[in-house]
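What the coordinates show
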Amino acid sequence: MFSHIAQDIIDQRIIVDAPIQLTIRRLDQIHPQISGNKFYKLKYNFLAAQQQGKTTIITFGGAYSNHIAATAYAAHLFGFQSIGIIRGEELASQPLNPTLATAQQFGMQLNFISRKQYRLKDDAGYLTTLTTQYSNSYIIPEGGTNHLAIQGCREILSKDDLNHYDVICCAVGTGGTITGLIESSTSLQQILGFSALKGDFLSADVAHMTQKTNWKILDDYCCGGYAKTTPELLQFIENFEKKYQISLEHIYTGKMLFGIFDLITQNYFRKNSRILVIHSGGLQGKSSPFIIAKRHSKTE
Ligand SMILES: *Cc1c(COP(=O)(O)O)cnc(C)c1O
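Overview of the structure. These numbers were taken from a predicted model, which means no experiment stands behind them. (Residues numbered from 1 in each chain as written. Predicted model: local features only at pLDDT ≥ 70, side-chain atom pairs only at ≥ 80, totals over all residues. Heavy atoms only, no water.)

1. Thoughts on the side chain of Thr253
- Inspection of the secondary structure puts Thr253 in helix α11 (residues 253–265).
- In this structure Thr253 comes out as buried when scored by relative accessible area, which is 0%.
- Not counting residues within four places of it along the chain, the set of residues in contact with Thr253 comprises Leu248, His279, Ser280 and Gly281. (Helix = DSSP H or I, 4+ residues; strand = E, 2+ residues; numbered from the N terminus. Buried < 20%, exposed > 50% of the residue type's maximum accessible area, 1.4 Å probe, protein only. Contact = heavy atoms within 4.5 Å.)

Shown next as C-alpha cells:
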C-alpha cells in the first residue's frame, strides 16, 4: 500500500563549522501528507488493518498532531473511515486549526474528549468500548507507536548506513521512531534522541521497547516542554532555514537541530564523526496560529 506512494528522499550533506560530517535524511520529502516518520509508523498498521478486513481506523492525538493529519489522509487514500479522538473538549466549540481542518476535510470524524477521559487512551476497557461502538475498527495508539510502527521505523536505516554513520540523531515524542532506529542499528553506532517533552519517562518507555543499550535521549533542548518555545529556539530555526534552505518546525525537528548545533559547539561529537540526522517531517504544523503570532511579534 505505502511502497508505491513513497517519493524519493535525499540525503543532504550540510557544512558546519566543526570537523564532523553532518547529513540530513529528508524524510519530510517522502509524501506531502503522510510526512516523515509517520509514513513508516503507519505503513504496517494500515497493512494489518487491511489484512484483518477492518473498515475504520480509530486513533488519538492532540490538536496539532502530525499523526492525526497523516492518519486522516492515509485512511482517505486507502478507503478506510477514520475517527480521531482529540484531547480537549473545549476545542469542539472553537474553529478548527489547520491540522484538524485538514483531517476533517479528508473525512476524519473528530471526537473531542476531556483531558481526564483522554488519559484512558491505553486502557483496555475503554478501547473495548470503542471497538464495540465503532464496528470493524482498528485502533492505532497515540502518536502511532506500537510494535508495527517500530517495524516500519526499522526501514528508515538501510544496510549501507550501518557502516557509514557513527551517530544517528532523531527527535523523540512517544519513542516509536527512535526504537526502530535502535533496533536496526549496529552496536557500534550511537542513537541520540532529542526529546520534545520534559522529563526522563521517555527513556524508561524506550528501555521497555528494546533490549539494546547503544542509545540516549536528552531532554535538555525541549525548551520547557511539549510545543513550548524560547526566543533562542525560534531565532535558531529562522537562521537555520535561511542558511540551509531546509524547513524545520518548533515542536520536534527545530529542537533536535538546536540541540545538535549546541552539542557541536561543546565538542560533544568525536572528531571526524559521521552523523546522520533524521528529518522526521511534521511541517504541516508550521501553519500553527501560535507560531505565526510569534513570528509577527518579532518584527513589530
Ligand atoms: C510524531 C513526530 C515525532 C515523534 O516520533 P515518535 O515516534 O512519537 O517518537 C518526531 N518528529 C516529528 C516531526 C513528528 O511528527
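Okay, back to it.
2. What to know about the environment of Phe240
- Along the chain, Phe240 falls in helix α10 (residues 231–244).
- Residues Phe240 and Leu257 lie 17 residues apart in sequence; the distance between their C-alpha atoms is 8.8 Å.
- Apart from the residues lying within four places of it in its own chain, the contact partners of Phe240 are Ile14, Ile24, Gln245, Ile246, Leu248, Leu257 and Phe261.

3. What to know about the packing of aromatic side chains
- What the rule picks out here adds up to 19 aromatic pairs.
- Here the aromatic rings of Phe2 and Phe46 are separated by 5.9 Å at their centres, their planes lie at 55°, and the arrangement is tilted. Placement of the pair is Phe2 in the segment before β1 (11–14) and Phe46 in helix α1 (residues 37–51), with a sequence separation of 44 residues.
- With relative accessibility at 0%, the residue Phe46 sits in the buried group. (Phe/Tyr/Trp six-rings, centres within 6.5 Å; stacked < 30°, edge-to-face > 60°.)

4. Observations regarding the environment of Gln50
- In this fold, Gln50 is placed in helix α1.
- Placed 28 residues apart in sequence, Gln50 and Phe78 show a C-alpha to C-alpha distance of 9.0 Å.
- Ignoring any residue separated from it by four or fewer positions in sequence, one finds Gln50 in contact with Met1 and Phe80.

5. Description of unusual backbone geometry
- A positive phi is found at Cys223, a non-glycine position, where the angle reads about 55°.
- According to the relative accessible area criterion, Cys223 is buried, its value standing at 15%.
- The backbone of Asn272 shows a phi angle near 65°, a positive value even though the residue is not glycine.
- Take Asn272: it is sitting in the loop between α11 and β10 (274–279).

6. Overview of the site of the ligand
- The ligand sits among 15 residues. The nearest are Lys38, Lys41, Thr174, Thr177 and Ser280.
- At 2.7 Å from an oxygen atom of the ligand is found a side-chain nitrogen or oxygen belonging to Lys38.
- Contacts to the ligand include Ser280, whose side-chain N or O atom sits 2.7 Å from a nitrogen atom.
- Alone, the ligand offers 390 Å² of accessible surface; in the complex the protein occludes 97% of this.
- Of all the secondary structure elements, the ones that give two or more residues to the shell around the ligand are α1, β7 (167–172) and α8 (176–184).
- Residue composition of the shell around the ligand, by class: 3 nonpolar, 10 polar and 2 charged. (Near = heavy atom within 4 Å. Polar contact = N/O pair within 3.5 Å; in protein donor to acceptor, adjacent residues only side chain to side chain. Areas by Shrake-Rupley, 256 points an atom, 1.4 Å probe, with all protein chains shown as cover. Nonpolar A, V, L, I, M, F, W, Y, C, P; charged D, E, K, R; others polar.)

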